[in-house]
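# Secondary and tertiary structure notes
Each chain, written out:
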Amino acid sequence: MQISKYFKPEALMFAAFLATLPIYSPNQLLFETELLQRAAYMPAFANTLLGASVVLGVAVAIVSARGRLAVILRGGVVLVASVAYVAGYALFALAAGLESFAQPIFGVTAGLLLAVSTVVLSVAWGAYLAQFNLRQALLWLAVMVGVAALVELLLSSVTFAVGLIVLAVLVPLSCLMPCWLAWRGRLIAVREAGEAESRSAPTLGAMAQLRQIAQVVAMPFVGLMVFAFMMGARKFVLFDVVHMEVLGCVLGAVVVLPICLMRTRVPLIYRVLVPLFALLLIFLNCFPASTGPLWFAAWMSYAFYGAVAILALAGLVAAAHASEFSPGLIFGTAVAGFSGCSLLGVIAAQTVLFQIEGGGPALLVVSTLYFVYLLASALLAPWKRDRGDIVLEEGADAAKAAPVRDVAARCEELADACGLTPREGEILGYLGRGHGIAFVADALVISESTVRTHVKSIYKKLGVNSREELVSKVSEE
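To keep things clear, this report deals only with the structure shown in the data block. Computed from a prediction, not measured in an experiment: that's the story for all the values here.

## Regarding the pattern of salt bridges
For the structure on display, the rule yields 2 salt bridges. Measuring nitrogen to oxygen at the nearest pair gives 3.2 Å for the salt bridge that ties Glu426 to Arg423. Taken together, the residues span about one helical turn, with Glu426 and Arg423 both in helix H18 (residues 422–432) at a distance of 3 residues. Take Glu426: its relative accessible area is 36%, and that puts it in the partly exposed class. Among the ionic pairs, Lys461 bridges to Glu424, the shortest N-O distance being 2.9 Å. Of this pair, Lys461 sits in helix H20 (residues 448–462) while Glu424 sits in helix H18, placing them 37 residues apart in sequence. Given a relative accessible area of 33%, Lys461 falls into the partly exposed group. The exposure class of Glu424 is buried, given its relative accessible area of 2%.

## So, the environment of Gly76
Within the secondary structure, Gly76 sits in helix H5 (residues 75–97). For the pair Gly76 and Trp183, spaced 107 residues apart in the sequence, the C-alpha separation amounts to 6.8 Å.

## Re the packing of H5 against helix H8 (residues 160–183)
Where H5 meets H8, the closest approach of the two axes is 8 Å, and the angle between their N-to-C directions is 170 degrees. Classed by the angle they form, the pair H5 and H8 counts as roughly antiparallel. Touching Gly75, Gly76, Val78, Leu79, Ser82, Tyr85, Val86, Tyr89, Ala93, Ala96 and Gly97 of H5 are Phe160, Leu164, Leu167, Val171, Ser174, Cys175, Pro178, Cys179, Ala182 and Trp183, all from H8. For the contact of H5 with H8, the per-class residue count stands at 16 nonpolar, 5 polar and no charged.

## Focus: helix H11 (residues 244–260)
In a regular helix each residue adds 1.5 Å, so 17 residues correspond to 24 Å; H11 covers 23 Å between its end C-alpha atoms and thus fits that length. Extensive coverage of H11 is indicated by the burial of 12 of its 17 residues. Here H11 has its buried residues at Met244, Glu245, Val246, Leu247, Gly248, Cys249, Val250, Gly252, Ala253, Val256, Ile259 and Cys260.

Conventions adopted
Residues numbered from 1 in each chain as written. Predicted model: local features only at pLDDT ≥ 70, side-chain atom pairs only at ≥ 80, totals over all residues. Heavy atoms only, no water. Salt bridge = Lys/Arg side-chain N within 4 Å of Asp/Glu carboxyl O. Helix = DSSP H or I, 4+ residues; strand = E, 2+ residues; numbered from the N terminus. Buried < 20%, exposed > 50% of the residue type's maximum accessible area, 1.4 Å probe, protein only. Axes fitted to C-alpha atoms, helices over the stretch in contact; angles between N-to-C directions. Parallel < 35°, antiparallel > 145°, perpendicular 65-115°, else oblique. Contact = heavy atoms within 4.5 Å. Nonpolar A, V, L, I, M, F, W, Y, C, P; charged D, E, K, R; others polar. Expected span 1.5 Å × (residues − 1).

See the structure below:
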């Protein structure tokens, strides 16, 4: 397992981007005391930021689905977005420090600047992180999210002046890597190289691609959206000192780090371990109010969502790595969804239902519904796998009985001899060991329909008509 094969230390700059990402409200804790006194400013800023991020994220996703991602990743575009990111935070800081800048018009301006720059920089960072496969992405994102959360804890505990100095370093740092790579054309070059693998697949519309993305990363992505909603609806502060959204990300990173080093397939983590943890939380939530187990479940839920957020980000990065979907489609959709759910949470917090006991009971219902969804998905997964896969009998048994190293070597020989593409050779390695369509889709973080398209091409190039014939061909001396 070569986790660090493609890792470069400068990738840790992504932690600076996570620590300053404006659509994640804990990143604004530094300005909380000053801006709470600016009653007219914050609604104008927050509503503009979240609403514009939804619209722009959807627009970027549509443009990228039509094959125009190169327009977004051009050096000039990313450079302008970086300048807008710095300018937006400068206006935000001025509003916190000077009352003359705490007018709604400045809030709208800062919100628009940060919304545009957030969407573009998220896509640029996504294109860069697409060099990681699923296991690599899970490890390094756990590190980056944990570091970013620790920085947020630091910023929430220092004076405003010290925090501004730290922020003045973090904001430009978060733009440096994508701006440099885009200016040199490396982001576009990387995407063009990766997308060459999927050009044989049929071109799909934006909605069809979104449906396929849902097949690949639905479970953790829904958890990320629920987390965004909860974050917008209620702020849970532990001992009146630590914001649980931040501490939850620290604990989530601590939980994910050892798990991602396990030899088991990564999709099993959120197909088995995550539903089991959800079942435990459902059990703890059944205890009466004001009891220890219910209080424990309340703050452990944030650790759970922190871990799920890391899984979701890793799944999105791995989907971009697979080159089936454009980074613009993946991360534009993610920014739009996260911003939209956060905005819904803010709106829900103003309703009568969420005024009861600080919104605790309402959010408990939301969390429980997500936990039930996780359990239902885990229970239905084997049934879906049985329906989607053709069960191999003697051929599969023969392949699995052979040493894995011999099968892999034989698949590499066939791939070279028959002119298979790198992705087709990768899929052949799984098919040669008797694995089915659903297993391959999980392992490579691509949709089952894309696997089937590659399998048809593999059959044609190898001169076989069924998977039994393919496995037999692999098993031949």
